Amino acid sequence: MSFLLLVIAIVILIVIFKIHNFNKTTYHKSTNNSYFGTIHDIGKNGEYQIFKQLQFFEKKGCRFFI
């Protein structure tokens, strides 16, 4: 029983960590899409995955228009 609670707690912490990191991205700031809305929509998820791949260029000074 305690093992199951530990697994559930770890999963909840991982989800909270992912949501927190998503909310800090410029993708979220420019689109205002929620984490779960983005993850469960194929088009928005694809757009977000492309953004994550191009995020390297953003650190070099590039800006993306969404």
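Residues numbered from 1 in each chain as written. Predicted model: local features only at pLDDT ≥ 70, side-chain atom pairs only at ≥ 80, totals over all residues. Heavy atoms only, no water.

### Details of the nonpolar core
Rules: Grouping buried Ala, Val, Leu, Ile, Met, Phe, Trp, Tyr and Cys residues that are joined through side-chain atoms within 4.5 Å yields what is termed a nonpolar core. Exposure categories follow from relative accessible area, calculated using a 1.4 Å probe and restricted to protein chains: below 20% of the type maximum is buried, above 50% is exposed, and the middle band is partly exposed. Contact definition: two residues touch when any of their heavy atoms are within 4.5 Å.
Residues Phe22, Tyr27, Tyr35, Tyr48 and Phe51 constitute the largest nonpolar core, which totals five residues. Apart from the residues within four sequence positions on either side, Phe22 is in contact with Tyr27, His28, Asn33, Ser34, Tyr35, Thr38 and Tyr48.

### With respect to the packing of aromatic side chains
How we decide: Centres within 6.5 Å are what make two rings of Phe, Tyr or Trp a pair, Trp counting through its six-membered ring; a difference in plane orientation under 30 degrees is then read as stacked, over 60 as edge-to-face, and the rest as tilted. Starting at the N terminus, helices and strands are each numbered in turn, a helix being any DSSP run of H or I of at least four residues and a strand any DSSP run of E of at least two.
Within the structure shown, the criterion is met by eight aromatic pairs. Seen in terms of ring centroids, Phe22 and Tyr35 are 5.6 Å apart; in terms of plane orientation they differ by 70 degrees. Their pairing is edge-to-face. With a gap of 13 residues between them, Phe22 in helix α1 (residues 2-24) and Tyr35 in helix α3 (residues 35-39) connect regions that are remote in the sequence. Here the two residues Phe22 and Tyr35 agree in accessibility, since each one is buried. Both rings, one in Phe56 and one in Phe57, keep their centres 5.4 Å apart while their planes meet at 70 degrees; by these two values the pair is edge-to-face.

### Here we look at the side chain of His28
Looking at where His28 falls in the secondary structure, it is placed in helix α2 (residues 26-31). By relative accessible area, His28 is classed as buried at 18%.

### A closer look at the environment of Ile12
Locating Ile12 in the fold gives a position in helix α1. Classification of Ile12 as partly exposed rests on a relative accessible area of 46%. C-alpha separation for the pair Ile12 and Thr25, spaced 13 residues apart in sequence, amounts to 20 Å.

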